[in-house]
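Okay, here's what each chain looks like letter by letter:
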Amino acid sequence: MEMTRENNVKKQKTPFYESHEDYFRRVLVKEQPFYRPGMTEKEIDIELEYMNQNINSVIEGHYLPLWKQQLYY
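Procedures and definitions
Residues numbered from 1 in each chain as written. Predicted model: local features only at pLDDT ≥ 70, side-chain atom pairs only at ≥ 80, totals over all residues. Heavy atoms only, no water. Phe/Tyr/Trp six-rings, centres within 6.5 Å; stacked < 30°, edge-to-face > 60°. Helix = DSSP H or I, 4+ residues; strand = E, 2+ residues; numbered from the N terminus. Buried < 20%, exposed > 50% of the residue type's maximum accessible area, 1.4 Å probe, protein only. Contact = heavy atoms within 4.5 Å. Lys, Arg positive; Asp, Glu negative; His and termini not counted. Salt bridge = Lys/Arg side-chain N within 4 Å of Asp/Glu carboxyl O. Polar contact = N/O pair within 3.5 Å; in protein donor to acceptor, adjacent residues only side chain to side chain.

A.B. asks: Any details on the packing of aromatic side chains? Residues and values, ideally.
C.D. replies: Scanning all chains against the criterion turns up one aromatic pair. The interplanar angle of 40 degrees and the centroid separation of 6.0 Å between the aromatic rings of Tyr50 and Tyr63 together place this pair among those described as tilted. Remark: Tyr63 occurs in the loop between helix 4 (55-60) and helix 5 (66-72) and Tyr50 occurs in helix 3 (residues 41-53); sequence separation between them is 13 residues. According to the relative accessible area criterion, Tyr63 is buried, its value standing at 13%.

A.B. asks: Explain the environment of Glu43 to me, and be specific about the residues and the numbers.
C.D. replies: Among the structural elements, Glu43 can be located in helix 3. Residue classification places Glu43 among the partly exposed positions, given a relative accessible area of 27%. Residues Glu43 and Trp67, spaced 24 residues apart in sequence, show a C-alpha to C-alpha distance of 9.0 Å. Those residues in contact with Glu43 that sit more than four places away from it in its chain are Arg36 and Gly38.

A.B. asks: Give me the side chain of Glu47: which residues, what numbers.
C.D. replies: Secondary-structure assignment places Glu47 in helix 3. Buried and unpaired, Glu47 has no salt bridge, with Arg36 as the nearest side chain of opposite charge at 6.2 Å. Engagement of the side chain of Glu47 in a polar contact is seen with the backbone nitrogen of Leu66, the distance being 3.1 Å. Leave out the neighbours within four places in its chain, and Glu47 touches Phe34, Met39, Tyr63, Pro65, Leu66 and Trp67.

Structure follows, in structure tokens:
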């Protein structure tokens, strides 16, 4: 009886996302410079809008998320 590699590899479950927006909310948002654990949907929307309005600061490396500004100022 010959064993193939495919038989030995356990099938991995891939996460299912209902839409691109769902994928962004669950995965990609964690890679954004403004993200911190525990953010609400409303906070994410506000920070995302602010980041998009200040994209030059992001590119230049001077971007400071709103929630961090509240800590420092």
